[in-house]
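Here is what each chain is made of, one letter per residue.
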Amino acid sequence: MNVIELMGFHGTDIISAESIQNKGFTISKGDEHWLGDGAYFFVKGLCDPQTAAVNWAIVNAWDKKVRRNRYKTYAVLQASITSEEERILDLREQSGVEILEYVRRQCQRKLERLARRRCRVGYIDGLLINFARKEVLPELTLTISNLFIKLTKEERIQGENRRTQNCTVCAVYTPQNSVSQVEVIQTGKVVI
């Protein structure tokens, strides 16, 4: 078994960073998430992952409903992520895309039910990966993909969407098993 190690960067507010260091990562849940239920990290790929984590933490502070920041101080956590290679779904590779297409075909009935109920799903990647983890690939520990993430104030406030990818993201499904050496490596004031 070949073990892969990635260096991941997670941007958040300072209070959440302290909680993560004490209690571990909380899983973001829901089919609308980029790569399904998981703890998310920027990793080496299309951009500098630490810079992407800083930018995410800053723009994620903005609450568009009340039009002000939810927090004033951000933090970037650095962590070591490890997984056996065969437990990784790498959507940067053709083989990973083919696996996701197979899952889409297996998930077709669920997608049809959503369409009949007129549920607006939008991007279905998270839904497909969650389905895959429950029904097809229960041993999956993480997914890596190049994505477009809103990393500037303008992109976030305007709700900009693009298909042009700007970063590489990793979703870890059981961080308590795959993530170690978590440390705050940067903090700063949110100014947007």
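Parameters at a glance
For every chain, the first residue of the written sequence is number 1, and numbering continues from 1 onward in sequence order. For a predicted model such as this one, the threshold for reporting local features is a pLDDT of at least 70, and the threshold for listing and counting side-chain atom pairs is 80 or more; totals across whole chains, interfaces and linings nevertheless cover every residue. Computation of side-chain values covers all heavy atoms of the structure but excludes hydrogens and water. What pLDDT expresses is the predictor's confidence in each residue, scored from 0 to 100. Helical segments are the DSSP runs of H or I of at least four residues, strand segments are the runs of E of at least two, and each set is numbered from the N terminus. Axis lines are fitted through C-alpha atoms, for helices just across the contact stretch, and the angle between N-to-C directions can take any value from 0 to 180 degrees. Our angle categories are set so that under 35 degrees counts as roughly parallel, over 145 as roughly antiparallel, 65 to 115 as roughly perpendicular, and the remainder as oblique. Note on definitions: a residue-residue contact is assigned when non-hydrogen atoms from the two residues lie within 4.5 Å. For this classification, Asp, Glu, Lys and Arg are treated as charged, while Ala, Val, Leu, Ile, Met, Phe, Trp, Tyr, Cys and Pro are nonpolar and the rest, including Gly, are polar. Here, nonpolar core refers to any group of buried Ala, Val, Leu, Ile, Met, Phe, Trp, Tyr and Cys residues whose side-chain atoms link them within 4.5 Å. Three labels apply to residues, based on accessible area from a 1.4 Å probe with only protein chains included: buried if under 20% of the type maximum, exposed if over 50%, partly exposed otherwise in between.

As a further point, take the confidence of the model for the protein. Caution applies to low-pLDDT parts of the model: their predicted coordinates are not meant to be read in detail. The predicted model of the protein averages 90 in pLDDT, with 95% of residues at 70 or higher. When pLDDT is averaged over each element of the protein, strand β2 (residues 39-42) comes out on top at 98 and helix α4 (residues 108-116) at the bottom at 71.

Look at helix α3 (residues 94-106) against helix α5 (residues 125-136): their axes get within 9 Å of each other, and the N-to-C directions meet at 80°. As judged from the angle between their axes, α3 and α5 are roughly perpendicular. Residues L100, Y102, V103, R104 and Q106 of α3 pack against D125, L128, I129, F131, A132 and V136 of α5. Classifying every residue of the contact of α3 with α5 gives 8 nonpolar, 1 polar and 2 charged.

Moving on, we get to the nonpolar core. L35, F42, Y74, I129, I149 and V169 are the most contacted members of the largest nonpolar core, which has 36 residues in total. Residue assignment for this core shows that the elements contributing at least two residues are β2, α2 (49-60), β5 (73-84), α3, α5 and β8 (167-172). Of the residues forming this core, the biggest block, 7 residues, is contributed by α2. For I129, the contacting residues outside a window of four places in its chain are L35, L89, L91, L100, L140, T143 and Y173. If you look at the next biggest cluster of nonpolar residues, it comprises 17 residues, including L6, A17, A79 and V172.

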